[in-house]
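Summary of the model geometry
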Amino acid sequence: MAERESDAVTPPRGFRGAEPGWPELHRIPHPPYRLPLLGDLVGADRHTPVQDSVRFARRLGPVFRRKAFGKEFVFVWGARIAADMADESRFAKHVGLGIANLRPVAGDGLFTAYNHEPNWQRAHDVLAPAFGREAMAGYHPMMLDVAGRLTDHWDRELAAGRGVDVPGDMTRLTLETIARTGFGHDFGSFERERLHPFVTAMVGTLGYAQRLNTVPSPLAPLLLRRAARRNAADIAFLNRTVDDLVRARRRSGGGDGDLLDRMLDTAHPLTGERLSAENVRYQVITFLVAGHETTSGALSFALHYLSRHPDVAARARAEVDRVWGDTPAPGYDQVAKLRYVRRVLDESLRLWPTAPAYAREARQDTVLAGEHPMRRGAWALVLTPMLHRDPEVWGADAEEFDPDRFDAGAVRARAPHTFKPFGTGSRACIGRQFALHEATLVLALLLRRYDLVADPDYRLRVTERLTLMPSGLRLHLNRRGTSRRTAQPPSSGDRLVSLPSAPDE
Ligand code: MNH
C-alpha cells in the first residue's frame, strides 16, 4: 500500500521498501554481494545514490532493485517500461523516499502533497494561472533585470582577472529570479560573498532528506541526532524567513499580482476556497526551493557543455546574434525563437536531469509492461538519467552531448515518454515553462556577452542533494568583441589575464 502519512509535523520514520506489492520481486535482478541485514552496500556511496544507481542500472538492466538497511527499492529506466508507467489511468505520483522526507519542510505544499490531500488540487488550480503565458510575459522584465545583475558581477570578476564560480552564481541568479518574480523579494545574493543563509538552510534540509534514506530507519533518531537538530534549526530558519516575507506583504497591502498575491488573495475558481496560512507557508518554501535549485543545476551543466563544445557554442551564439541583433533588452517573444539554445538546454537536461528521479505507484493491481505484476500501492522509481541514455532510444552514442537530438524532426521520430526531465502526468513540474524561459534567456545573454573558456584540467564531477549539480565548476571568460578567441584554453587555475572589456552596448 502507498504511504498514507498526512501528519506533516511528525518526522518521517523512514520507509518500507518495495517488497509489499511486488509479488514477483525475486525475479527482479539486484546487485551481487548482497549482505544480510545491510543489503547492497558494495559499490554504494551514501553521497551519490543516483550515480551509483546509474552504474547498477548498466549492469542489471531496465528493471532492477537495490536494498539498503532493510529497505528495498525498485528502479525502472527502460524506455518501454517508463512509458508504461506514464499511463495516468494505472499509475500516479508516489510521495516516498526523499520527497516524503521533505514533509516536515514543505508539508502539503504542491510538491510534497499526497494525491489524496485536498490542498493539492486547491493550490494547483489557484496557482496554475501564475505560469500561463500572460503571467510569464510579466516576469520577463524581472528575469532580464536579475540576469543583468549576474553579468555585472561577471564583468567585475573578469576585470579582476578571476574565473567565475558557475554553480554558485547560477544559484544566486535563480534564487533571485524566483524570489523577485514570485514574491517581490530581494535576497541580495550578488552583493554577498557567500550564499544567503536561506540557501544554506535549504541545502541543509535537502541533504538531510537524502541522508534519512541511507540509515536504518529505527536507528535514524540515534545516528542522526546532531544532524536532526541542525535540520530542525534549518527548518525554523526557513519558516522565519518566509513568515517575515508574508508579514511584510500583508502590511504593504499587496504586490503586483505575483505568486504570493495569488497565494494570499485568490479564491479557488469553483469552490471559492482560499489557501490557509499554514499552506501558504508550505507553498512559499516549496516555490523558493523547487523554483531555483533545479534550474541552477540545468544552467550549470549547460554552461559546462558549451565551454567544452566550441562548435555548439558558436552555433548557439550565431542564432542569438541573428534573432536578437544587438538589442539590449530582448522581448518575451524573442526567447522562444532561440530554438538551438533551447536544444542545448534540452540536451543538458537529457544527460543530467537535475531532478533525477520520480516515483510512480500503481492505482490498482496491474502488470507493469506486461511483465511485472504490481499490487495497488506498489511503487518504483523512474531513474531519469538512465531513461535518457537508453541506447534503444538514443543510440549507441547516447553518452555524447549532441543538441541536434532535439531538432524537430528527431523529436517527432522518437517514441513518446522518452524525455522526462520534468516528470510526468498531472503531478509533472508546474514551473517547466518558467524554468525553460529563464534558462534560455540567461544562456543567450551569456553567450552573446562572453566567450566561455573551460579549464582543461576540469573533469565533470556531480554532487547530489536530491538534485544534481556539477561540483567545482569554474569557467574563465573573455568579453566578446574585444578578445580574439583564445586558441588554447589556459593551462589551469586563475592565471588568465583578462583583456580590457568593451564599452557597453
Ligand atoms: Mn519543478 C515538480 C523538475 C523547475 C516547481 N519538477 C517537478 C517534478 C520534476 C521537476 C521532475 C516532478 C516530481 C515528481 O514527480 O515527484 N523542475 C524540475 C526541473 C526544473 C524545475 C528539472 C528546472 C530545470 N519547478 C521548477 C521551477 C518551479 C518548479 C522553476 C517553480 C517556479 N516543480 C515545481 C512544483 C512541482 C514540481 C511546484 C510540484 C508540482 C505538483 O506536484 O503539482
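Computed from a predicted model, the values in this text were never measured in an experiment. (Residues numbered from 1 in each chain as written. Predicted model: local features only at pLDDT ≥ 70, side-chain atom pairs only at ≥ 80, totals over all residues. Heavy atoms only, no water.)

With that settled, the discussion passes to the overall build of the protein. When helices and strands are counted, the protein shows 20 helices and 12 strands. For 505 residues, the compact-globule estimate of 2.2 N^0.38 gives 23 Å, and the protein sits close to it at 23 Å. Its C-alpha atoms put the protein at 65 × 55 × 45 Å along the principal axes. Contacts in the protein between residues at least 24 apart in sequence constitute 73% of all its contacts with a sequence separation of at least 6. Surface exposure of the protein reaches about 21,900 Å², of which carbon and sulfur atoms provide 53%. Averaging the locations of the 70 positively and 62 negatively charged side chains of the protein gives two centres separated by 3 Å. (Helix = DSSP H or I, 4+ residues; strand = E, 2+ residues; numbered from the N terminus. Rg over C-alpha atoms; globule rule 2.2 N^0.38 Å. Contact = heavy atoms within 4.5 Å. Areas by Shrake-Rupley, 256 points an atom, 1.4 Å probe, with all protein chains shown as cover. Lys, Arg positive; Asp, Glu negative; His and termini not counted. Charge placed at Lys NZ, Arg CZ, Asp CG, Glu CD.)

Before going further, it helps to spend a moment on helix α1 (residues 49–60). Its 12 residues place the ends of α1 16 Å apart at the C-alpha level, agreeing with the 16 Å of an ideal helix rising 1.5 Å per residue. Inspection of α1 places Val50, Asp52, Ser53, Val54, Phe56, Ala57 and Leu60 among the buried residues, and these make up the whole buried set. Summarising the contacts, the buried residues of α1 are in contact with β1 (63–68), β2 (71–76), β8 (379–383), α17 (384–387), β10 (462–465) and β11 (467–470). Phi for Gly61, located one or two positions after α1, is positive at around 95°. (Expected span 1.5 Å × (residues − 1). Buried < 20%, exposed > 50% of the residue type's maximum accessible area, 1.4 Å probe, protein only.)

A word on the sheet that holds β2. The strand order β1-β2-β8-β5-β3 describes an open sheet built from 5 strands, whose pairing is mixed. Here the strands that pair on one side only, and so sit at the sheet edges, are β1 and β3 (91–93). Averaged over all neighbouring strand pairs, the angle between strand axes comes to 35°, with direction disregarded. Relative to β8, β2 runs parallel, the two sharing 2 bridges. For Val76, the partnering residue across the bridge sits in β8 and is Val382. This element, α1, spans β1, β2 and β8 of the sheet and lies at about 135° to β1. (Pairing = 2+ DSSP bridges. Axes fitted to C-alpha atoms, helices over the stretch in contact; angles between N-to-C directions.)

The next point concerns the layout of surface pockets. Quantified by volume, the second largest pocket comes out at close to 710 Å³. Around the second largest pocket, the lining is made up of 33 residues, and of these Arg342, Asp346, Arg432, Gln433 and Leu436 lie nearest the centre. Contributions of two or more residues to the lining of the second largest pocket are made by α6 (133–159), α15 (333–336), α16 (339–351), α19 (408–413) and α20 (432–449). Top element by residues in the lining of the second largest pocket is α20. It accounts for 5 residues. Considering only residue class, the lining of the second largest pocket consists of 16 nonpolar, 7 polar and 10 charged. (1 Å grid on protein atoms, 1.4 Å probe; cavity = no way out; pocket = protein on both sides within 12 Å on 5 of 7 lines; lining within 4 Å. Points joined across faces, edges and corners; volume = space filled by probe spheres on them. Nonpolar A, V, L, I, M, F, W, Y, C, P; charged D, E, K, R; others polar.)

The next subject is the coordination of the manganese atom of the ligand. From the protein, the manganese atom of the ligand takes a single donor atom, Cys429 (SG), 2.4 Å away. Looking at the element boundaries, Cys429 is found in the loop between α19 and α20. (Donors = N, O, S within 2.8 Å, 3.2 Å for Na, K, Ca; no water.)

The next thing to look at is the site of the ligand. Neighbouring the ligand are 26 residues; Lys93, Trp120, Thr294, Arg427 and Cys429 lie closest to it. Residue Leu110 places a main-chain N or O atom 3.2 Å away from an oxygen atom belonging to the ligand. Within the contact set of the ligand, an oxygen atom lies 2.7 Å away from a side-chain nitrogen or oxygen of Arg427. Those elements that place two or more of their residues in the shell around the ligand are α12 (277–290), α13 (293–308) and α20. In terms of residues, the shell around the ligand owes the most to one element, α13, which gives 3 residues. (Near = heavy atom within 4 Å. Polar contact = N/O pair within 3.5 Å; in protein donor to acceptor, adjacent residues only side chain to side chain.)

Quick look at unusual backbone geometry now. Of note in this structure, His417 is not a glycine but carries a positive phi near 65°. By secondary structure assignment, the location of His417 is in the loop between α19 and α20. On the basis of relative accessible area, His417 is assigned to the partly exposed category, the value being 32%.

One pass over the full model with this rule turns up 33 salt bridges. The residue Glu191 makes a salt bridge to Arg149 at a minimum N-O spacing of 3.4 Å. Of the two residues, Glu191 sits in the loop between α7 (166–183) and α8 (197–211) while Arg149 sits in helix α6, which places them 42 residues apart along the sequence. Residue Asp404 pairs with Arg315 through a salt bridge whose shortest N-O separation is 3.2 Å. Of the two residues, Asp404 is situated in the loop between α18 (391–394) and α19 and Arg315 in helix α14 (residues 310–324); the sequence distance between them amounts to 89 residues. (Salt bridge = Lys/Arg side-chain N within 4 Å of Asp/Glu carboxyl O.)

Take the packing of α7 against α12 next. Their axes nearest at 9 Å, the elements α7 and α12 cross at an angle of 145°. You can see that α7 and α12 cross each other, and the crossing is right-handed. Contacts between α7 and α12 involve Leu175, Ile178, Ala179 and Phe183 from the first element and Val284, Phe287 and Leu288 from the second. (Left-handed = near helix turned anticlockwise from the far one by under 90°.)

Here we come to the sheet that holds strand β4 (residues 164–165). One open sheet holds the 3 strands; their spatial order is β4-β12-β9, and the pairing between them is antiparallel. Across the chains shown, the open sheet's two edge strands, defined by having one partner strand only, are β4 and β9 (450–454). Of the strand pairs in this sheet, β4 and strand β12 (residues 474–479) are connected by 2 bridges, and their pairing is antiparallel. Along β12, the bridge assignment pairs Asp165 with Arg474.

Attention now moves to a nonpolar patch on the surface. On the surface, a nonpolar cluster with roughly 360 Å² of combined accessible area is contributed by Leu35, Leu37, Leu38 and Leu41. Looking at the element boundaries, Leu37 is found in the segment before α1. The exposure class of Leu37 is exposed, given its relative accessible area of 76%. (Patch = residues over 30% accessible without salt bridge, like charges linked within 9 Å, V, L, I, M, F, W, Y side chains within 5 Å.)

With that settled, the discussion passes to the environment of Ser189. Relative to the helices and strands, Ser189 is located in the loop between α7 and α8. Given the relative accessible area of 4%, Ser189 is considered buried. Linking Ser189 and Ser348, residues 159 residues apart in sequence, is a C-alpha distance of 25 Å. Residue contacts for Ser189: discarding those within four places in its chain leaves Arg149, Arg172, Leu175 and Glu176.

Grouped together as the largest cluster of nonpolar side chains are 109 residues, with contacts concentrated most on Phe183 and Leu303. Ranked by residues supplied to this core, first place goes to α20 with 11 residues. If near-sequence neighbours (up to four positions away) are discounted, Phe183 is found in contact with Ile178, Leu245, Arg249, Asp258, Leu259, Leu260, Met263, Val284, Phe287 and Leu288. By size, the runner-up hydrophobic cluster in this structure holds 20 residues, among which are Val74, Val76, Ala82 and Val382. (Core = buried A, V, L, I, M, F, W, Y, C linked by side-chain atoms within 4.5 Å.)

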